[in-house]
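Residues per chain, in single letters:
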Amino acid sequence: MLHLMQFILFMLVNRAQFDNTAASREKIRERVPAVRKIEHTLEYVDLVGSCHGFVATLGRLVPKMRGQQFTDDERDTVRRQLARVRAAADWLEGALDHGKFTLDEQLTQLLKGE
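Basis of the calculations
- Residues numbered from 1 in each chain as written.
- Predicted model: local features only at pLDDT ≥ 70, side-chain atom pairs only at ≥ 80, totals over all residues.
- Heavy atoms only, no water.
- Helix = DSSP H or I, 4+ residues; strand = E, 2+ residues; numbered from the N terminus.
- Buried < 20%, exposed > 50% of the residue type's maximum accessible area, 1.4 Å probe, protein only.
- Areas by Shrake-Rupley, 256 points an atom, 1.4 Å probe, with all protein chains shown as cover.
- Salt bridge = Lys/Arg side-chain N within 4 Å of Asp/Glu carboxyl O.
- Patch = residues over 30% accessible without salt bridge, like charges linked within 9 Å, V, L, I, M, F, W, Y side chains within 5 Å.
- Expected span 1.5 Å × (residues − 1).

Caption draft 1: Layout of the overall build of the protein chain. A tally of helices and strands in the protein chain yields four helices and zero strands. Classification of the 114 residues of the protein chain by burial places 4% in the buried group. Accessible area of the protein chain: about 10100 Å², with a carbon and sulfur share of 62%.

Caption draft 2: Focus on the pattern of salt bridges. A full pass over the atoms with the stated rule returns three salt bridges. Two residues, Glu-43 and Arg-36, come together in a salt bridge whose shortest N-O distance is 3.3 Å. Each of Arg-36, Glu-39 and Glu-43 takes part in salt bridges that share partners, so that together they form one network.

Caption draft 3: Region of the structure containing a nonpolar patch on the surface. On the surface, a cluster of nonpolar side chains totalling about 770 Å² of accessible area is made up of Phe-54, Val-55, Leu-58, Leu-61, Val-62, Met-65, Phe-70, Val-78, Leu-82 and Val-85. Looking at the nonpolar patch, the elements that each hand over two or more residues are helix H2 (33-61) and helix H3 (72-98). A per-element tally of the nonpolar patch places H2 first, with four residues. Mapped onto the elements, Val-78 comes out in helix H3. Look at Val-78 and you get partly exposed, because its relative accessible area is 47%.

Caption draft 4: Structural detail: H3. The end-to-end C-alpha distance of H3 is 38 Å, a good match for the 39 Å that 27 residues give at a rise of 1.5 Å each. Gly-99 sits one or two positions beyond H3 and adopts a positive phi of about 75 degrees.

Caption draft 5: Structural context of the environment of Thr-102. Within the fold, Thr-102 resides in the loop between H3 and helix H4 (105-112). Separated by eleven residues in sequence, Thr-102 and Trp-91 place their C-alpha atoms 9.1 Å apart.

Shown next, in the form of structure tokens:
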């Protein structure tokens, strides 16, 4: 029982530190606008890099598949994953075009593979 109480206390302290850190970051963003610009640049580079990485990986893998035979289950699995990729790409494109950056429930389920 003592270990459980120690664990709970540890978790509460950890959460308080996390909340404090998040609040501190927000104060810094408000006081130093350049911080948000730097974060934007990092997020932009990460986003473009993710897109590039996906395309580069396919460019490397797809030509190696020549002559391979895939089972129906394998093709179905790849097609399900492609549907998730398309949904994510459509979501990103819509977010860029319309400024809506939140996930709706249906997209969340699709991206989770449900």
